[in-house]
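Chain residues, written in single-letter form:
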Amino acid sequence: MTVDVHPREDSAVAVSAAEALVRQLEGYGVEYVFGTCGHTNIALLDALGRSPITFVIARHEQAAAHAADGYARASGRPGVLLVHVGPGMMNAVTGVATAALDSVPLVAIAGDIPSYYHGRHPHQEVNLHADADQTAIYRPFVKRAWHVHRAEDLARFTERAFWTASTGRPGAVLLNVPMDLFSRPVVPAEHPLPAHEAAPALPADVAERIAVRLAEAERPLIYLGGGLRGEAGRRALLSLAEHLDVPLVHSLMGKGAVPDDHPLLLGMPGFWGLRTTNDYARSADVVLALATRFAETDASSWDPRHTWNLGTATADGEAPGRLIQIDIDPAEIGRNYPVEIGAVADVTLAVQAIEAAVRVVRPEPMARPGLRERIRVARSELFEGSRERGRAADFPLRPERILADLREALPPDAVLVTDVGWNKNGVAQCYELPAEGRFITPGGASTMGFGPAAAVGVQIGAPGRVVVALVGDGGMSAQLPAVPMAVEQGLPVVFVVMNNRAHGTIADLQAANFGASYGCEFRDPDGRPYSPDFAAFAEACGADGHRIDAPEALLPALRAAVAARRPAVLDVPMVNEPVPTPGHWNINDIYQGVFPDGSGHPALPAP
């Protein structure tokens, strides 16, 4: 049998499996593949080289995975990642897991050792025990991992991979391909994706029951997670909330789904939530939770004394609230709190159904006296306080000065891609995001190093928008390959490095609980604070570099970087200042030797 390594119109002619796979990707509308090369995947790269699909090369697999993730979040299409055997696919673990935990559709394709050498320890095979293959490394977090044993199965498995990644609760999948299968001949077969996807709707009787609960509640609350991403769902949500005058709170991942200036928005609950937000959440008698996992930080470590009091009475006899939970993933229903009404449904369809039912159950709009004014006062204090602190002329800059200058310099529809630390927590808590803006962050895994490379993928997925990677110096150091990737692709990503010469959030946490911050700050051999010159690094890579040496220098540098439409790095010296944390997080109890079962001591001796 002859193998044609070049594309042909005649689908009956045998081609390499790699060539057939590329044709299939083209048919699925794939425009970009992110990744790195290796001896196990260059047959596929060779086929990609003759395709209109663009291969976005990275210098590290984690950077490639984060970029594919960012592209998926910005474009709404599955991200596609190509990695090499062993260390290559292991380097991508953190990026693929980050996408998985944030319900981002991502298809990872990994080259593997030749199928006929399995278990003989050929070059870079990773299995040492139990005759496992490298797919086992990904199984704890991907929705499904396929290990291809025959070239003839590759097309069918690829169709399953794209369908699985994109439907139900979206997530990451792995397609593991022994390298010899890419070069084996196959006759291309048609494996089209289903032309129409019918998402699960909320039954009418359930929508009516939920509408009645909300209309009859004295202190209802809507809690929004990161799953409500479409404009239709957002419109229905706001119509529902405004008709019943129900306040809204959002998880970290839900920021931006409701405009920050909406009069019913209380903000985030939990560890980084305002006292007003947590008090209302704890006293709510009916909570409608939409596409949220009730993550620990958003739920004050699930301690009913602080945020959510659902299902069981507290020790002081406070009546619990009733929970209505809607999620596309049945495993999330009731995972952390008892549920009165649980529904597995597409959240957009569910909100639309509930909104329609509410107008039948309660035709006249409701008003809750004083509610909107209390929300306005609390939110105004938050944003005005942040703006006031943002006027400080301290140098190194206070973090809220950096946020204030960003807010002034960026167009309303800019995309902020954050990492971890002040850049994530501060923006989520006190950055007044314009209605047209977008906030992208690694909520599930809270991955340091996500921001720089993810912003590159976001820029590819949203080429007309200003994209800013707002990161700490720790996150920037973890993903330096993002800068040459942006240069090579000609992407005008603006990297803003909030540089406190430390893993600042953890340094503050350690200092608060143990009196010192050993192992958290960057220092030179003489003990002086140390940091690379990130602006010089940018210039060495061919990007623009801006060294901020005075408070008044940041705003014009931001404006210049945005206007230039070139990759740029702004190195911004920042004081190490704790993020305000008005809520509760159990880790602080643990550091003090106090545990949920009542064991331990009220406080440990000071060091």
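Before reading on, note that the structure itself is shown above.
Cut-offs applied
Residues numbered from 1 in each chain as written. Predicted model: local features only at pLDDT ≥ 70, side-chain atom pairs only at ≥ 80, totals over all residues. Heavy atoms only, no water. Buried < 20%, exposed > 50% of the residue type's maximum accessible area, 1.4 Å probe, protein only. Helix = DSSP H or I, 4+ residues; strand = E, 2+ residues; numbered from the N terminus. Arc of directions from axis to C-beta. Contact = heavy atoms within 4.5 Å. Polar contact = N/O pair within 3.5 Å; in protein donor to acceptor, adjacent residues only side chain to side chain. Lys, Arg positive; Asp, Glu negative; His and termini not counted. Salt bridge = Lys/Arg side-chain N within 4 Å of Asp/Glu carboxyl O. Core = buried A, V, L, I, M, F, W, Y, C linked by side-chain atoms within 4.5 Å. Phe/Tyr/Trp six-rings, centres within 6.5 Å; stacked < 30°, edge-to-face > 60°. Lys NZ or Arg CZ within 6 Å of the ring centre and 35° of its normal. Pairing = 2+ DSSP bridges. Axes fitted to C-alpha atoms, helices over the stretch in contact; angles between N-to-C directions.

### What about helix α20 (residues 534-541)?
Now for step 1: Buried within α20 we find F534, A535 and A538. Angularly, the buried residues of α20 cover 105° about the axis, an arc narrow enough to put them on a single face.
Now for step 2: Looking at the buried positions of α20, the neighbouring elements they touch are α17 (473-478), α18 (482-489), β18 (494-499), β19 (544-547) and β20 (568-573).
Now for step 3: Between the side-chain oxygen of the N-cap and the backbone nitrogen of A535 there are 3.2 Å, and the N-cap of α20 in question is D533.
Now for step 4: Positive backbone phi, approximately 95°, marks G542, located one or two places after α20.

### Here's the deal with the side chain of D473
Now for step 1: If you trace the backbone, D473 turns up in helix α17.
Now for step 2: Within the buried set, D473 has no salt-bridge partner at all; the shortest N-O distance to an opposite charge, 7.1 Å, is to R501.
Now for step 3: A distance of 3.2 Å separates a polar atom in the side chain of D473 from the backbone nitrogen of A502.
Now for step 4: Apart from residues no more than four positions distant in its own chain, D473 is found in contact with V497, M498, N499, N500, R501, A502, F522 and F534.

### Here's the deal with the nonpolar core
Now for step 1: Counting residues in each nonpolar core, the largest one holds 56 residues, and the members touching the most others are L202, I210, L288, W308, I326 and I354.
Now for step 2: Dropping the residues within four chain positions of it, I326 is found in contact with L202, I210, L288, A289, L290, A291, I333, A343, A345, A350 and I354.
Now for step 3: Membership of the second largest hydrophobic core comes to 52 residues, among which are F34, A64, A65 and V415.

### Things to note about the packing of aromatic side chains
Now for step 1: Within the structure shown, the criterion is met by 13 aromatic pairs.
Now for step 2: Ring plane angle 85° and centroid distance 5.4 Å describe the contact between F294 and W308, whose orientation is recorded as edge-to-face. With F294 in the loop between β12 (286-290) and β13 (322-327) and W308 in the loop between β12 and β13, the pair connects residues that are 14 residues apart, well separated along the chain. As far as the burial class goes, F294 and W308 line up, both buried.
Now for step 3: Within the aromatic cluster, the residues linked to one another by ring pairs are Y223, F294, W308 and Y337.
Now for step 4: Above the ring of Y280, the side-chain terminus of R219 is found at 4.1 Å from the ring centroid.

### Focus: the sheet that holds β12
Now for step 1: Spatial ordering of the open sheet is given by β11-β10-β9-β12-β13-β14, a layout of six strands whose pairing is parallel. Looking at the sheet topology across the chains shown, the edges are occupied by β11 (265-267) and β14 (341-344). Within this sheet the neighbouring strands show an average axis-to-axis angle of 20°, counted without direction.
Now for step 2: Taken together, the four bridges between β13 and β14 define a ladder with parallel strand orientation. Of the residues in β14, the one forming a bridge with Q325 is G342.
Now for step 3: In this fold helix α11 (residues 275-283) packs onto β9 (220-224), β10 (248-250) and β11, with an angle of close to 110° to the strand it touches most, β11.

### Thoughts on the pairing of β19
Now for step 1: In the sheet, β19 pairs with β20 via four bridges, with the strands oriented parallel. Across the sheet, the residue bridging to R547 is D571, located in β20.

None of this, on its own, says anything about what the molecule does.
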